[in-house]
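Secondary and tertiary structure notes
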Amino acid sequence: MVRENLHREDPDRLYTVTGGRSRADEKALDLVTLIVSESDPVPGMQSEHVRILRLCRHPTAMVEVASELGLPVSVVKILLCDLLDTGRVTARHPSSAPADTDLPDLETLKQVLVGLQKL
């Protein structure tokens, strides 16, 4: 359903939404970056920014934001960079396990996989 919306999306609208920009800081965000609102929307804000602030009251992945807005990820990345620059949102990457964490050995993982396949 989102694909249909994108195919019907007016390129002029996307140009307007992004202020004519076509690229954002590639290193700032990736698809799984978690976005969190740091402020409430204020009168006069761009409607997409308002929707992002409301959607991200709890940590939300950038790809989820794009899906909810029905906009291409590249457009959402530009919008999020605007909000990051003004301090209205923060971005963080999901935590990975520390290097000293005791992870299961490979044999245990293989046994779990075999057990799941038998279900």
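Above this note sits the structure.
Residues numbered from 1 in each chain as written. Predicted model: local features only at pLDDT ≥ 70, side-chain atom pairs only at ≥ 80, totals over all residues. Heavy atoms only, no water.

**Concerning the nonpolar core**
Where we set the bar: Put simply, a nonpolar core is a bunch of buried Ala, Val, Leu, Ile, Met, Phe, Trp, Tyr and Cys residues held in one set by side-chain atoms that sit within 4.5 Å of each other. Buried, partly exposed and exposed residues are distinguished by accessible area as a fraction of the type maximum, computed with a 1.4 Å probe on protein chains only: under 20%, between the cut-offs, and over 50%, respectively. Only DSSP runs of H or I covering at least 4 residues are called helices, and only runs of E covering at least 2 are called strands; the numbering of each starts at the N terminus. Two residues form a contact once any of their heavy atoms are found within 4.5 Å.
Judged by nonpolar contacts, the single largest core of 19 residues is most densely connected at Ile-52, Val-76 and Leu-80. Among the elements of the structure, α3 (47-55), α4 (62-69) and α5 (73-85) are those that each provide at least two residues to this core. It is α5 that contributes the most residues to this core, six residues altogether. Discounting residues that sit within four places of it in the chain, Ile-52 has contacts with Ser-37, Val-65, Leu-69, Leu-79, Leu-80 and Leu-83.

**Some points on the side chain of Thr-60**
For the record, the criterion: For this analysis, a polar contact is any N or O atom pair within 3.5 Å, provided that within protein one partner can donate a hydrogen and the other can accept it, and provided that sequence-adjacent residues contribute only side-chain to side-chain pairs.
Tracing the sequence through the fold places Thr-60 in strand β2 (residues 60-61). Looking at Thr-60, its side chain comes within polar contact range of the main-chain oxygen of His-58, at 2.8 Å.

**Side note on the environment of Asp-40**
Inspection of the secondary structure assignment puts Asp-40 in the loop between β1 (34-37) and α3. Separated by 17 residues in the primary sequence, Asp-40 and Arg-57 place their C-alpha atoms 8.9 Å from one another.

**Description of the packing of α3 against α4**
Working note: a packed helix pair is described by the angle between its axes plus the distance between those axes. Just so we agree on the cut-off: Lines fitted to C-alpha atoms define the axes, with helix axes restricted to the stretch in contact, and inter-axis angles between N-to-C directions lie between 0 and 180 degrees. Should an angle fall under 35 degrees it is taken as roughly parallel, and over 145 as roughly antiparallel, whereas 65 to 115 is taken as roughly perpendicular and any remaining angle as oblique. Take the far helix as your reference; a near helix turned counterclockwise from it by less than a right angle gives a left-handed crossing, and one turned clockwise gives a right-handed crossing. Charged means Asp, Glu, Lys or Arg here, nonpolar means Ala, Val, Leu, Ile, Met, Phe, Trp, Tyr, Cys or Pro, and polar covers whatever is left, Gly included.
α4 packs onto α3 with a crossing angle of 125° between their chain directions and a minimal axis gap of 11 Å. Between α3 and α4, the angle falls in the class oblique. For the element pair α3 and α4, the recorded crossing hand is right-handed. Residue-level inspection shows Arg-51, Ile-52 and Leu-55 of α3 in contact with α4, the latter providing Val-65, Glu-68 and Leu-69. In terms of residue class, the contact of α3 with α4 is made up of four nonpolar, no polar and two charged.

**Considerations on the sheet that holds strand β3 (residues 89-92)**
To keep things clear, this is the line we draw: Pairing between strands is defined by DSSP: at least two bridges between the two strands are required.
Spatially, three strands are ordered β2-β1-β3 in an open sheet, and the strand pairing comes out antiparallel. Edge positions in the sheet fall to β2 and β3, since each of these pairs with one other strand and no more. Looking at chain direction, β1 and β2 are connected through two bridges and run antiparallel. Note that in β2 the partner of Leu-34 across the bridge is Ala-61. The strands touched by α5 within the sheet are β1 and β3, with β3 carrying the most contacts at an inclination of about 110°.

**Side note on α5**
Selection rule: In a helix, the anticipated span is given by 1.5 Å times the number of residues less one.
The terminal C-alpha atoms of α5 lie 18 Å apart, and with 13 residues this matches the ideal 18 Å at 1.5 Å per residue to within 8%. The complete set of buried residues in α5 reads Val-75, Val-76, Lys-77, Ile-78, Leu-79, Leu-80, Cys-81, Asp-82 and Leu-83. At the exit of α5 stands Gly-87, carrying a positive phi of roughly 75°.

**A few points about the packing of α4 against α5**
The contact between α4 and α5 brings their axes to 9 Å, and the two run at 110°. By the angle between their axes, α4 is roughly perpendicular relative to α5. Along its contact with α4, which presents Met-62, Val-65, Ala-66 and Leu-69, the element α5 presents Val-73, Val-76, Lys-77 and Leu-80. Of the residues belonging to the contact of α4 with α5, the class tally is seven nonpolar, no polar and one charged.

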